[in-house]
Amino acid sequence: MPEQSSLTFKKEERICSRKLIEQLFGGGCSRALTAFPIRLVYMKTETCEGKPPVQVLISVSKRHFKRAVKRNRVKRQLREAYRKNKFLLYKALRKQEGVGIAMAMIWIDDKLYESADVEKRVVNLLHRLAERVER
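Quick caveat, the model's predicted, so the values are computed rather than measured.

Engineer: Where do I start with the overall build of the protein chain in this structure?
Structural biologist: Within the protein chain one finds four helices and four strands. Starting at the N terminus and walking to the C terminus, you meet the elements of the protein chain as α-β-β-β-α-α-β-α. C-alpha extents for the protein chain along the principal axes are approximately 40 × 35 × 25 Å. In the protein chain, which comprises 135 residues, the share counted as buried stands at 41%. Looking at the protein chain alone, contacts between residues at least 24 apart form 80% of all its contacts between residues at least 6 apart. Of the roughly 8,300 Å² that the protein chain leaves accessible, carbon and sulfur atoms contribute 48%.

See below:
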């Protein structure tokens, strides 16, 4: 179980840099995993002192949910599931010096899910990503 201080999701952990977003989606160095209805696009980065090793972008398309209320609900579910389970990924990254991850969680379904189902799928993706990072 993670320590209490690691159960946060601060602004530094979010991807805000347009340059990093373009690298993540435009460059050929990113990979993807899917646990329907979530697609995870990630790439390895180098970590700087004082920055978190993992940075996350969460996206829900207007094409899937026209109403902002539903899009915001899905984003809230994804953020919460990541916040509660990010220690799985941090544990794998602790073993490697200077390696970080930039990742995007993208919702790819037109249906709403229960929070427990969303969390199960996020945990599945984080486990699979942690395995790939350790290799």
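Now that the structure is up, let's keep going.
Engineer: Just to check I follow, could you spell out helix α2 (residues 68-85) for this structure?
Structural biologist: For α2, with 18 residues, the first-to-last C-alpha span of 26 Å sits near the 26 Å given by 1.5 Å per residue. Where α2 is concerned, the buried positions are R71, V74, Q77, L78, A81, Y82 and N85. The buried residues of α2 all sit within an arc of 125° when viewed along its axis, so they share a single face. Exposed side of α2, more than 90 degrees from the buried face: V69 and R76 are the residues found there. Contacts from the buried residues of α2 go to β2 (38-46), β3 (54-60), α3 (87-94), β4 (99-107) and α4 (115-134).

Engineer: Just to check I follow, could you spell out the packing of α3 against α4 for this structure?
Structural biologist: Two numbers describe a pair of packed helices, the interaxial angle and the distance between the axes. The interhelical angle for the contact between α3 and α4, taken along N-to-C directions, is 5°, at an axis separation of 9 Å. With respect to their mutual orientation, α3 and α4 come out roughly parallel. Touching L88, L89, A92 and L93 of α3 are V123, L126, H127, L129, A130, V133 and E134, all from α4. Of the residues contributing to the contact of α3 with α4, the split by class is nine nonpolar, one polar and one charged.

Engineer: Can you help me understand the environment of Q55 in this one?
Structural biologist: Its location among the elements puts Q55 in strand β3. Non-local contacts of Q55, meaning those with residues more than four positions away in its chain, are made with E12, E13, R14, I15, L20, I101, A102 and M103. Within the structure, the side chain of Q55 is placed 3.1 Å from the backbone oxygen of E12, a separation counted as a polar contact.

Engineer: Please clarify how the nonpolar core should be interpreted in this entry.
Structural biologist: General note: in soluble globular proteins, nonpolar side chains tend to be found buried as a group. Within the largest apolar cluster, 33 residues are counted, with the highest numbers of intra-cluster contacts made by L78, Y82, L89, M103, M105, W107 and L129. For this core, the element with the most residues is α4, which contributes eight residues. Contacts of W107, omitting those with residues within four sequence positions, involve P37, I38, S59, V60, H64, F65, V74, L78, Y113 and V118. By size, the runner-up hydrophobic cluster in this structure holds nine residues, among which are I15, L24, V41 and M43.

Engineer: For this particular structure, what's the right way to read the state of the cysteines?
Structural biologist: Working definition of a disulfide: a covalent bond connecting the sulfur atoms of two cysteines. Enumeration over the complete set of coordinates arrives at zero disulfides. Left unpaired, C16 is separated from the closest cysteine sulfur, that of C48, by 15 Å.

The rules we used
- Residues numbered from 1 in each chain as written.
- Predicted model: local features only at pLDDT ≥ 70, side-chain atom pairs only at ≥ 80, totals over all residues.
- Heavy atoms only, no water.
- Helix = DSSP H or I, 4+ residues; strand = E, 2+ residues; numbered from the N terminus.
- Buried < 20%, exposed > 50% of the residue type's maximum accessible area, 1.4 Å probe, protein only.
- Contact = heavy atoms within 4.5 Å.
- Areas by Shrake-Rupley, 256 points an atom, 1.4 Å probe, with all protein chains shown as cover.
- Expected span 1.5 Å × (residues − 1).
- Arc of directions from axis to C-beta.
- Axes fitted to C-alpha atoms, helices over the stretch in contact; angles between N-to-C directions.
- Parallel < 35°, antiparallel > 145°, perpendicular 65-115°, else oblique.
- Nonpolar A, V, L, I, M, F, W, Y, C, P; charged D, E, K, R; others polar.
- Polar contact = N/O pair within 3.5 Å; in protein donor to acceptor, adjacent residues only side chain to side chain.
- Core = buried A, V, L, I, M, F, W, Y, C linked by side-chain atoms within 4.5 Å.
- Disulfide = S-S within 2.5 Å.

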